[in-house]
Amino acid sequence: MIVVILAGCSGEKQGNEQATNDAQSQVELTVSAAASLTDALNEIQKTYEEEHPNIKLRFNFGASGALQQQIEQGAPADLFLSAATKNLQALMDKQLIAEQTNLLTNELVVVVPGDQESAVAGMADLTKASVRHLAIGIPESVPAGSYAKEALINAKLWDGVQSKAVQGKDVRQVLQYVETGNADAGFVYKTDALTSNKAKIAFTVDPAAYTAIQYPIGIVKATKHSKEAEDFYIYLQSREAFDIFVKYGFSVPSQ
């Protein structure tokens, strides 16, 4: 009896020790990523964590400019996935990025509320009186807003629409403004538009009117998990990951 009890206690102790060791061996990677990548990365998270049980991915989604500033100020991050090359380049110039590559591309579109008739079919229509509020990401910190401003300037419409502009802190907030009817039209990425059943694409902005949309990814030099960060960096460039990105409307530069 005593032997059985002692054996049981020993087994329980070993089990607890194993659970503790497993918890201690798990590595948490913090990935600062553009808000437009939310849906694709959440699906990738499930797949990657199932294949790598020792890894826990934590995403910090937001506007690329804001995420860049956070990393500059020392906020914890292992990888940075930006919606514009300028934000990652700024970190590279300050020698805060170990290595980087251009991962994905996207397109800029204008969306309107899905449950309403809209006369918006081209850039010039954004100046119409029926478009009382035009949602756009803050150009200084939101790449989608910067691309939109560039396209409007090239179309000689920027000055005419500034008075009706409603600025969002990131592209997802811009989409929300349109979905809720707080804006009559808004500039978002094609990938964001495809996730919504409350907004519809009115037209695709001419790609020649703005800088090509690229999503570079970089490993943050300050990472304390270099190997794990490198492994996930490489995985995001794999066929398995690309298939998920393409599913959500992104394009791969090499394709």
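These numbers were taken from a predicted model, which means no experiment stands behind them.

Colleague: Looking at this model, I keep getting lost on the nonpolar core. Mind explaining?
Modeller: Inside soluble globular proteins, nonpolar side chains tend to come together where they are buried. Residues L37, L126, F187, Y215, F232 and F245 are the most contacted members of the largest nonpolar core, which totals 72 residues. If we skip the residues at most four places from it in the chain, L126 touches V110, V120, V131, L134, L152, V161, K164, A185, F187 and F203. One finds L67, A77, F80 and L88 within the second-largest nonpolar core, a separate group that totals eight residues.

Colleague: How do you make sense of the environment of I219 when you look at a structure like this?
Modeller: Relative to the assigned elements, I219 resides in strand β10 (residues 214–220). Note: C-alpha distance between I219 and A229 (ten residues apart in sequence) is 6.8 Å. Discounting residues that sit within four places of it in the chain, I219 has contacts with D78, L79, L96, I97, A98, E99, A229, E230 and Y233.

Colleague: What is the right way to read helix α10 (residues 239–247) from this model?
Modeller: Structurally, the α-helix is built with 3.6 residues per turn, so residues lying three or four positions apart point the same way. Of the positions making up α10, those classed as buried are A241, F242, I244 and F245. The arc enclosing the buried residues of α10, seen along the axis, measures out at 160°, which places them on a common side. In the core, the buried residues of α10 are packed alongside α2 (38–51), β4 (97–105) and α9 (226–235). In the stretch just after α10, G249 is the one whose phi turns positive, near 100°.

Colleague: Mind showing me how you'd approach the sheet that holds β10 here?
Modeller: Each strand in a sheet pairs with its neighbour through backbone hydrogen bonds, running either in the same direction (parallel) or in the opposite one (antiparallel). One open sheet accounts for five strands, arranged β2-β1-β3-β10-β4; its pairing is mixed. Each edge of the sheet is formed by a strand with only one pairing partner; in this case those strands are β2 (55–62) and β4. Strand after strand, the sheet turns through a mean of 20° between neighbouring axes, direction not considered. Summarising the sheet, strand β1 (residues 27–34) and strand β3 (residues 79–81) pair through three bridges and their orientation is parallel.

Colleague: Mind showing me how you'd approach the side chain of D170 here?
Modeller: Examined against the element boundaries, D170 turns out to sit in the loop between β7 (165–168) and α7 (171–179). You can call D170 buried: its relative accessible area is 8%. Only 3.2 Å separates the side chain of D170 from the side chain of K169, close enough to count as a polar contact. Sequence-distant contacts of D170, defined by excluding residues within four places in its chain, comprise A35, G62, A63 and V142.

What counts as what
- Residues numbered from 1 in each chain as written.
- Predicted model: local features only at pLDDT ≥ 70, side-chain atom pairs only at ≥ 80, totals over all residues.
- Heavy atoms only, no water.
- Core = buried A, V, L, I, M, F, W, Y, C linked by side-chain atoms within 4.5 Å.
- Buried < 20%, exposed > 50% of the residue type's maximum accessible area, 1.4 Å probe, protein only.
- Contact = heavy atoms within 4.5 Å.
- Helix = DSSP H or I, 4+ residues; strand = E, 2+ residues; numbered from the N terminus.
- Arc of directions from axis to C-beta.
- Pairing = 2+ DSSP bridges.
- Axes fitted to C-alpha atoms, helices over the stretch in contact; angles between N-to-C directions.
- Polar contact = N/O pair within 3.5 Å; in protein donor to acceptor, adjacent residues only side chain to side chain.

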